[in-house]
Amino acid sequence: MFSTTLEKVSENCLLVRGDIAAEVARLKQEHHGDLAVSGPGLASAFARLGLLDEYRLVLSPVLVGGGKPYFPQLDHLVPLRLKETRTFQSGALYLRYQRA
């Protein structure tokens, strides 16, 4: 759990407060397979550091007129390649992109 405000987490979690890039590198060494991140704040931090290999988005057909941006402002383009799409009965759309 990456947090700047939590004091403790449950026993099945690890609390990380320090260097995100170093912690992700350590996790990749210890755990094989995919690591997932969610939430606009943490995802933005990962994107700025170039730590995201894949973006999985679900677009819902609802306009709310506000909210926190999910993607950070970057000083460079990040080319993406569409790898998968799904449309749900609700009208929601799943999009999976990989960095090109």
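Everything discussed here concerns the structure shown above.
Residues numbered from 1 in each chain as written. Predicted model: local features only at pLDDT ≥ 70, side-chain atom pairs only at ≥ 80, totals over all residues. Heavy atoms only, no water.

Draft legend 1. Molecular detail of the side chain of Ser44. Topologically, Ser44 is positioned in helix 2 (residues 40-48). Leave out the neighbours within four places in its chain, and Ser44 touches Tyr70, Phe71 and Pro72. (Helix = DSSP H or I, 4+ residues; strand = E, 2+ residues; numbered from the N terminus. Contact = heavy atoms within 4.5 Å.)

Draft legend 2. Just helix 1 (residues 20-30), in detail. For helix 1, the set of buried residues is Ile20, Glu23, Val24 and Leu27. All buried residues of helix 1 fall inside an arc of 100° around its axis, so they share one side. At its buried positions, helix 1 is contacted by helix 2. If you check the start of helix 1, you find a side-chain oxygen 3.1 Å away from the backbone N of Ala21, and it comes from Asp19. (Buried < 20%, exposed > 50% of the residue type's maximum accessible area, 1.4 Å probe, protein only. Arc of directions from axis to C-beta. Polar contact = N/O pair within 3.5 Å; in protein donor to acceptor, adjacent residues only side chain to side chain.)

Draft legend 3. Looking closely at the sheet that holds strand 3 (residues 93-99). With antiparallel pairing, the three strands of this open sheet are ordered in space as 1-3-2. Sheet topology places strand 1 (54-59) and strand 2 (80-87) at the edges, where each strand pairs with a single neighbour. Ignoring strand direction, the axes of neighbouring strands in this sheet form an average angle of 15°. (Pairing = 2+ DSSP bridges. Axes fitted to C-alpha atoms, helices over the stretch in contact; angles between N-to-C directions.)

Draft legend 4. Quick look at the pattern of salt bridges. Counted by the stated rule, this structure contains seven salt bridges. As a salt-bridge pair, Arg56 and Glu54 come within 2.5 Å of each other at their nearest N and O atoms. Here Arg56 falls in the exposed class, since its relative accessible area comes to 52%. One salt bridge connects Arg96 with Glu54, and the closest N-O pair in it is separated by 2.9 Å. A residue pair is termed long-range when its members are at least 10 positions apart, and Arg96 in strand 3 and Glu54 in strand 1 qualify at 42 residues. Linked by salt bridges that have partners in common, Glu54, Arg56, Glu84, Arg86 and Arg96 make up one network. (Salt bridge = Lys/Arg side-chain N within 4 Å of Asp/Glu carboxyl O.)

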